[in-house]
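Results of the structural survey
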Amino acid sequence: MLKPNKRYGELKDTYLFNTIYRKTKEYSDANPGKKVFRMGVGDVSLPLCGEVIKALHKAVDDQADAATFHGYMPEVGDAALRRAIERYYRDMGAEVKENEIFISSGACDDLGDILELFERDNTVMVLEPAYPEYVDTNILSGRKIVYLNSGEENGFLPRPDRKLTADIIYICSPNNPTGAAYDRKGLKEWVDFANEIGAVILFDAAYEIFIEEADVPHSIYELDGADRCAIEICSFSKTAGFTGTRLGYTVVPKNLSRDGMNLNEMWSRNRETRTNGISYILQKGALAIFTPEGQKQIHENIRVYKENASYFMEALDTANIWYTGGKNSPYIWMKCPDGMSGWEFFDYLLREIQVVGIPGDGFGECGKGYFRFSTFGDPEETKEAADRLCKLLKK
Ligand code: PLP
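Cut-offs and rules
Residues numbered from 1 in each chain as written. Predicted model: local features only at pLDDT ≥ 70, side-chain atom pairs only at ≥ 80, totals over all residues. Heavy atoms only, no water. Near = heavy atom within 4 Å. Polar contact = N/O pair within 3.5 Å; in protein donor to acceptor, adjacent residues only side chain to side chain. Areas by Shrake-Rupley, 256 points an atom, 1.4 Å probe, with all protein chains shown as cover. Helix = DSSP H or I, 4+ residues; strand = E, 2+ residues; numbered from the N terminus. Nonpolar A, V, L, I, M, F, W, Y, C, P; charged D, E, K, R; others polar. Core = buried A, V, L, I, M, F, W, Y, C linked by side-chain atoms within 4.5 Å. Buried < 20%, exposed > 50% of the residue type's maximum accessible area, 1.4 Å probe, protein only. Domains from an automatic or database assignment. Contact = heavy atoms within 4.5 Å. Axes fitted to C-alpha atoms, helices over the stretch in contact; angles between N-to-C directions. Parallel < 35°, antiparallel > 145°, perpendicular 65-115°, else oblique.

Moving on, we get to the site of the ligand. As a matter of local geometry, the ligand sits amid 14 residues, with D204, Y207, S235, S237 and R246 nearest to it. A distance of 2.6 Å separates an oxygen atom of the ligand from a polar side-chain atom of S235. One of the side-chain N or O atoms of K238 is found 2.8 Å from an oxygen atom in the ligand. Protein contact buries 91% of the 400 Å² of open area that the ligand shows by itself. Those elements that place two or more of their residues in the shell around the ligand are α4 (107-113) and α7 (237-240). Per-class residue counts for the shell around the ligand are seven nonpolar, four polar and three charged.

Below, the structure is given as C-alpha cells:
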C-alpha cells in the first residue's frame, strides 16, 4: 500500500501568516475608513529595472526567429551569466570560478534541492531565529535538527558552541528575520569550526546587496577555508526585484569534498537529473543586472529600500528601543516594548496606528518578544508608518 510522507504532519502549520491575514482583515472590515500600513511582507515593491526589462523584451524577440531561437539551455546555467557572476565575485574579493556557479530558479528551490547531496541520517544545525524553510525542508526529509539559539546578548549572531555539533550548518547573513550580519571575524569562526568538525555550511546570501559596512562579508568565500566547507545560495529576488520573475544561483566549490566524493561534481550530476535548465529569456534578463547600467539601476532601487530602513531606525533610536538590522539588511528586528509578547504588540500596533508587522514567534522560540518590520514597501507609506510608530512608542 502507498505510504504518504507522514512528516508533513510534523510541519508547523501556517498559523502565523493566516492569523496576521485574519486579524488585519477583521480590523479593515470593522474600520473601513482606516488605511492599514502593511510593513511585514518580505516581498519587493519596486518594478524590475529598465535594463532588465529591455533585455527580457529582446530575449522574447530572439525566440520568435529561427536564427536566434534557443531551445534547452545548459542544466548548470548559461555560460555568459555564470561568467558575469564570476566577475561579480572577483570584484567583491572572492575567487569563485564559472564552473562552480549553478544558475537556479531561485534560492528557495535550491535550499530544498541541495539536501539531495546529503544522506538523511546527517544532523542539521539551525541558528534561530531562522528563515522557516531551513527547518521545514529537513523535517520533510527526516533529518535530525539541532537548534542554536541567539538573543540580544550576542546581537542575534550566535558563535559556534563546541558542545553542539552537526553535519550541516545553516547560516544566513545578513539574516532574515533579524537583519543582523556577521563581520569577517564572526563568520571566520564558523568557517574554522566547520572545517574542524567536517561540517558543510549552507550559507544563505540572499540579502548580500544590502550590506554597507566594510567589515561585513558579502560572500562566505571572502574568507580563507570557506571553499573547503561552504555552499553559498543566492538569489536575484531581493537584489534585483526578481521575486516574481524567479532566478538565483548556487555556488558549490571544486574544493568541497567529503568521504571521497566531490560535491561540485555531485551537484552538476544532480542538475542534469533534476532540471532541464532555466528559461533562456530569464537568464538574458538577469545578465543585464551585471552591465554597468544594470548595476547602477538595481542599486538605485536598493537605495530606496535602505532609506525606508532609515525611517524605522530613526523612529526606534528616538524612542530608545532595542533593535538590530536595517543597516545591512531590509529587515528591522525590534524588542517589543514593556514586556509585550509579539502578538500583544501586533494587536497594539494595528489598533493604535494601523501598522502591521510580524511577531518574532514565527521564526523560532527565541523570536518570542520581538517583532519584524520589512522595509520593502512604498516609501511614503513606510515613512508614515515609522512616524506613527515613533509617536506611539514615545507616549
Ligand atoms: N533565503 C532567505 C533568507 C529569504 O528570506 C528568501 C526569501 O524571502 C529566500 C531565501 C528565497 O528567495 P527566492 O525568492 O530566490 O526563492
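What follows concerns the nonpolar core. Ranked by internal contacts, the top residues of the largest apolar core, which has 61 residues, are Y89, W190, I201 and F236. Each of domain 1 (14-43 + 293-394) and domain 2 (50-290) gives at least three residues to this core. When sequence neighbours within four positions are dropped, the list of residues in contact with F236 reads I85, G241, F242, L247, G248, Y249, A286, I289 and F290. Core analysis: the second largest hydrophobic core is formed by 40 residues, L16, Y27, F312 and W343 among them.

On to the packing of helix α11 (residues 342-353) against helix α12 (residues 379-394). Following both chains from N to C, one finds α11 and α12 inclined at 110°, their axes separated by 11 Å at the closest point. By the angle class used here, α11 and α12 are roughly perpendicular. Contact residues: α11 offers F345, Y348, L349, E352 and I353, while α12 offers R388, L389, L392 and L393. When the residues that make up the contact of α11 with α12 are grouped by side-chain class, the tally is seven nonpolar, no polar and two charged.

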